[in-house]
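Each chain, letter by letter, is given below.
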Amino acid sequence: MTQPLTPSEIERYARHLVIPEIGGPGQLKLKAARVVVLGAGGLGAPCLLYLAAAGVGTLVIVDDDHVSLSNLQRQVLHPTQTIGAPKVETAKASLSAINDAIQIETHAKRLSADNADDLIAGADVVVDGSDSFETRATLAEACARLKLPLVSAAVSVWDGSLTVFAPFMERTDGGFYPSYSDLYPIAPEPGSLPTCAQVGVVGALTGMLGTMQAMETIKLVTGAGEPLLGRLLLVDARTMRFETLDV
C-alpha cells in the first residue's frame, strides 16, 4: 500500500497537486508507479530527469553502455567527469541528486529476447529509448505479451516520432490499438538503417522527444489527459512542424 505524501513531498509536488487532473490521487499513483526506461542516452536521459522530478516511485534503468565524450552533446544525465563510467551508474547518481525520495534500480545489460520479460516484469509503463530496430521490436513484443503500455520514440537528425503502443487495450469501436508490428510490419535488413553516428542528431531534438515521453508516461500513470494511443506524432524540428496521424 502506498504511503501518504509526506510534508516534504507535498511541498515538492505542489505544482502537480493544484492541477485538477492530477492532484493528490494522481501524485500518489506516481509515487506508487514502477517505470522501466530502456536506454539512458539521448531519449532516456531527459525522460528520466522529468520522471524523477515528477516523483515516480521506482525507476528502472536498463543500459549496457558506457559514457563517451560524443554522448555529452545530448545525453544530459552524464557530466563530463563520468566519461568511461557505466551509464546506469552515472544516471542513478544524477537522478538521486534531483530526487532522493525515489527508488532507482539499474541493470547494466542489453535487452534481448532471453531477458526482456524479466527486465520489464511488474512495470506500470515501459519507455523505449533504444537505438536499434531489433531491440525496439523485441521490447514491443515483450510489452504486448505482458500487457504493459509502451511509450516509444525515435529521432534522426532533425526529425522525431512518438507514440504509445498498447495492442491489448480495446478501442471504443471494439477493435484493439495497433502494435509495433502493425506500424512497422517489415523489419529492415540489419545494418541498413543509418546510425546516429553516421548522420548525426540535433541534441535538443532528443530533449524534446525525451520529455514528451515523460509526459506520456505521466498521463498513463495518473489517467490524466489523452495519451497517444493509436496516434503517431511526427516532429520536424527544422521547421518546427508537428503532425499527428491516426494509426
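Above this text sits the structure in question.
*Asks:* Tell me about the packing of aromatic side chains, and name the residues and values.
*Replies:* Overall, the coordinates contain four aromatic pairs when judged by the stated rule. Plain terms: the ring middles of Phe-133 and Tyr-184 are 6.4 Å apart, the flat faces sit at 85° to each other, and that makes the pair edge-to-face. One end of the pair, Phe-133, is in helix H7 (residues 133–146); the other, Tyr-184, is in the loop between helix H8 (180–183) and helix H9 (196–199), and 51 residues separate them in sequence. Ring geometry for Phe-165 and Tyr-180: centres 5.5 Å apart, planes at 70°, overall edge-to-face. Residue Phe-165 is located in strand S6 (residues 159–165), and its partner Tyr-180 is located in helix H8; the two are separated by 15 residues in the primary sequence. Members of the aromatic cluster, connected to one another through ring pairs, are Phe-133, Phe-165, Tyr-180 and Tyr-184.

*Asks:* Describe in detail helix H10 (residues 203–222), supporting the description with residues and values.
*Replies:* The end-to-end C-alpha distance of H10, which contains 20 residues, comes to 29 Å, matching closely the 28 Å that a straight helix rising 1.5 Å per residue would cover. One or two residues past the end of H10 sits Gly-223, with phi positive at roughly 80°.

*Asks:* Give a description of the pairing of strand S3 (residues 103–107) that names residues and reports values.
*Replies:* The sheet contact formed by strand S2 (residues 58–62) and S3 spans five bridges and is parallel. Bridged to Ile-61 within S3 is Thr-106. Chirality of the crossover, the property in question, places the unit of S2, helix H5 (residues 87–98) and S3 among those that are right-handed.

Each value, and the rule that gives it
Residues numbered from 1 in each chain as written. Predicted model: local features only at pLDDT ≥ 70, side-chain atom pairs only at ≥ 80, totals over all residues. Heavy atoms only, no water. Phe/Tyr/Trp six-rings, centres within 6.5 Å; stacked < 30°, edge-to-face > 60°. Helix = DSSP H or I, 4+ residues; strand = E, 2+ residues; numbered from the N terminus. Expected span 1.5 Å × (residues − 1). Pairing = 2+ DSSP bridges. Right-handed = clockwise from strand over helix to strand, strands pointing away.

Read these as layout, nothing more, since geometry by itself doesn't imply function.
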